[in-house]
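So you can see what is in the structure, the chains are spelled out below.
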Amino acid sequence: MTEILDLPVGLTATGTRTESDAMGTIEVPADRYWGAQTQRSLIHFSIGDDRMPKAVYHAYGHIKRAAALVNGRAGRLEDWMARLIARVGGEAIAGELDDHFPLYVWQTGSGTQSNMNVNEVIGNRAIQLVGGELGSKSPIHPNDHVNMGLSSYDTFPTAMRIASVRVLHERLLPSVELLCAAIEAKAAAWRDVVKIGRTHLQDAVPLTVGQEWTGYAHQLRRAAEQATASAEGLYELAAGGTAVGTGLNAPPGFGEQIAAEIAASTGYPFRTAADKFAALAGLDAMVAASAGVRGLAVALMKIANDIRWLASGPRAGLAELRLPANEPGSSIMPGKVNPTQCEAVVMVCIQVLADDGAIALAGSQGNFELNTMRPIVIADFLHSATILADACRTFREYCIEGIELNTRQIEEYLGRSLMLVTALAPAIGYDHASEISHKADREGTTLREAALATGYISAEDFDRIVDPRGMV
């Protein structure tokens, strides 16, 4: 029985140490747990500064922990080894090993180097916990023990799905729900405030501000429901398919057992993929989930654009809304305040649409038994979900919750509207109502003055019929 020490995460050594892989030896930083394959990747793929999101590595912690426990129960790993790897997997899940996952997004399209980064880090951390020599691969080997029964080709897509489910349900959808609730609160407060409607950017018949805002909330809620439904395919995990979907080197039932273990540790209903060949060769579930996130961005962009138009002014715009003054709007024009939260939301939504386009294109690029565009897909998906979640939060806190109505302006627009003439059409006919509208517009009079001048309707009937509150 090997004693497992209770050592805090971290290495204090300086300089480098020698690590090895099938390509030979290489020097790695002595204060890091990673090994030779991680170091080679850092050299060969130093492209930009886009790093693999840490959420992928937290998801990998669930996978390595699950595999160790399953292998330990079956006797393929000694009990102490299984417990040790599972313990370090837990450290990865908790983010305690984040500093040791440095790889770039731009790497092999299968995510092999990220998988090996995890294997090496867990292996060396486990070696440290039993008092061994880092880089020795003894008594814990990154491939033979940490990766037992697994492959990069089935673990990376599994990590993608775990990370995606978590960011959706723990970050994005809760943020959208809070935003919906804030919009609904405004709708309730303003349910009796009648305003002029607008279609084609032109005046239309009245509605209440509350009705307009319930529309916003319903758009977002419906988009959230569709995003939830479109992400259902993420619960099917590729683990157990190994290299091409056949499950070579994985024992019978391995995929089912790992999925059950991951479901238990995450609290989400993960299950083994019904067809491992599809799970490895395609990215359809990720493409569908991204489309769901895109739908949220589309709805949110419409709402943000409406609000910044309705707040335009304050003297020469629509000016129906007053937005919170969060910061000065200009370095040259004193007193100017801009709809900055709306602008930020629109930019975020544009980025989400762009990310979704990249994901869809990557999803179409699979060849034979493996799609090798996976790193860009998970990086863009997590990026989209994260910035959209944050944008919903800041939009709610610094814009929606502080918005006020300019009731004087709303009432003025309503009183001057020509489209109130629509209520007259059933009484005097469409053509006569249209004539009144054009007359008022041409002569710059009120609708009432133009109507009475034509003689088509009496003052009493006009006042009874053209009632904005009755029209909503």
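Before going into details, it helps to say that this report is about the structure given with it.

What counts and what doesn't
- Residues numbered from 1 in each chain as written.
- Predicted model: local features only at pLDDT ≥ 70, side-chain atom pairs only at ≥ 80, totals over all residues.
- Heavy atoms only, no water.
- Axes fitted to C-alpha atoms, helices over the stretch in contact; angles between N-to-C directions.
- Helix = DSSP H or I, 4+ residues; strand = E, 2+ residues; numbered from the N terminus.
- Parallel < 35°, antiparallel > 145°, perpendicular 65-115°, else oblique.
- Left-handed = near helix turned anticlockwise from the far one by under 90°.
- Contact = heavy atoms within 4.5 Å.
- Nonpolar A, V, L, I, M, F, W, Y, C, P; charged D, E, K, R; others polar.
- 1 Å grid on protein atoms, 1.4 Å probe; cavity = no way out; pocket = protein on both sides within 12 Å on 5 of 7 lines; lining within 4 Å.
- Points joined across faces, edges and corners; volume = space filled by probe spheres on them.
- Buried < 20%, exposed > 50% of the residue type's maximum accessible area, 1.4 Å probe, protein only.
- Polar contact = N/O pair within 3.5 Å; in protein donor to acceptor, adjacent residues only side chain to side chain.
- Salt bridge = Lys/Arg side-chain N within 4 Å of Asp/Glu carboxyl O.
- Core = buried A, V, L, I, M, F, W, Y, C linked by side-chain atoms within 4.5 Å.

### Some words on the packing of helix 6 (residues 152-189) against helix 7 (residues 209-230)
Reasoning step 1: Relative to each other, helix 6 and helix 7 sit at 165°, their axes nearing to 8 Å. Relative to helix 7, the element helix 6 is oriented roughly antiparallel. Relative to helix 7, helix 6 is oriented so that their crossing is left-handed. Counting all contacts with helix 6, which are made through H169, L173, V176, E177, L179, C180, A181, I183, E184, K186 and A187, the residues of helix 7 involved are G210, W213, T214, Y216, A217, L220, R221, A224 and T228.
Reasoning step 2: By residue class, the composition of the contact of helix 6 with helix 7 is 12 nonpolar, four polar and four charged.

### What to know about the layout of surface pockets
Reasoning step 1: Of the voids in this model, the largest pocket is the one considered here, and its volume is about 750 Å³.
Reasoning step 2: Forming the boundary of the largest pocket are 29 residues, of which G197, R198, L201, Q202 and D203 lie nearest the centre.
Reasoning step 3: For the lining of the largest pocket, the secondary-structure elements that each account for two or more residues are strand 3 (194-199), strand 4 (202-208), helix 7, helix 10 (284-310), helix 13 (407-416) and helix 15 (430-443).
Reasoning step 4: Class assignment for the residues of the lining of the largest pocket results in 12 nonpolar, nine polar and eight charged.
Reasoning step 5: The computed volume of the second largest pocket comes to approximately 540 Å³.
Reasoning step 6: Taken together, the elements giving at least two residues each to the lining of the second largest pocket come down to helix 10, strand 7 (321-322) and helix 13.
Reasoning step 7: At three residues, helix 13 tops the list of elements feeding residues into the lining of the second largest pocket.

### A look at the side chain of T266
Reasoning step 1: Along the polypeptide, T266 turns up in helix 8 (residues 254-266).
Reasoning step 2: Under the relative-accessibility criterion, T266 is labelled buried at 17%.
Reasoning step 3: From its side chain, T266 meets the backbone oxygen of I262 in a polar contact 2.8 Å long.
Reasoning step 4: A distance of 3.3 Å separates a polar atom in the side chain of T266 from the backbone nitrogen of Y268.

### Structural notes on the pattern of salt bridges
Any two side chains of opposite charge can pair if their charged atoms end up close together.
Reasoning step 1: Evaluated as defined, the whole model comprises 28 salt bridges.
Reasoning step 2: A salt bridge links D21 to R40; the shortest N-O distance between them is 2.7 Å. Separated by 19 residues along the polypeptide, D21 in strand 1 (residues 16-21) and R40 in helix 1 (residues 36-44) bring together distant segments of the chain. For the pair D21 and R40, a shared accessibility class is recorded, and that class is buried.
Reasoning step 3: A cluster of three or more residues bridged by salt bridges with shared partners is formed by K195, R198, E212 and E320.

### Points about the nonpolar core
Reasoning step 1: If you look at the biggest cluster of nonpolar residues, it comprises 118 residues, and the most contacted ones within it are W213, L296, I307, L388 and F395.
Reasoning step 2: Here this core takes 16 residues from helix 6, the largest share from any one element.
Reasoning step 3: Filtering out sequence-adjacent residues up to four positions away, L296 remains in contact with L172, L173, V176, L220, A223, A224, A227 and L388.
Reasoning step 4: In terms of nonpolar packing, the next biggest core, distinct from the first, is built from 18 residues, V194, L414, A433 and I465 among them.

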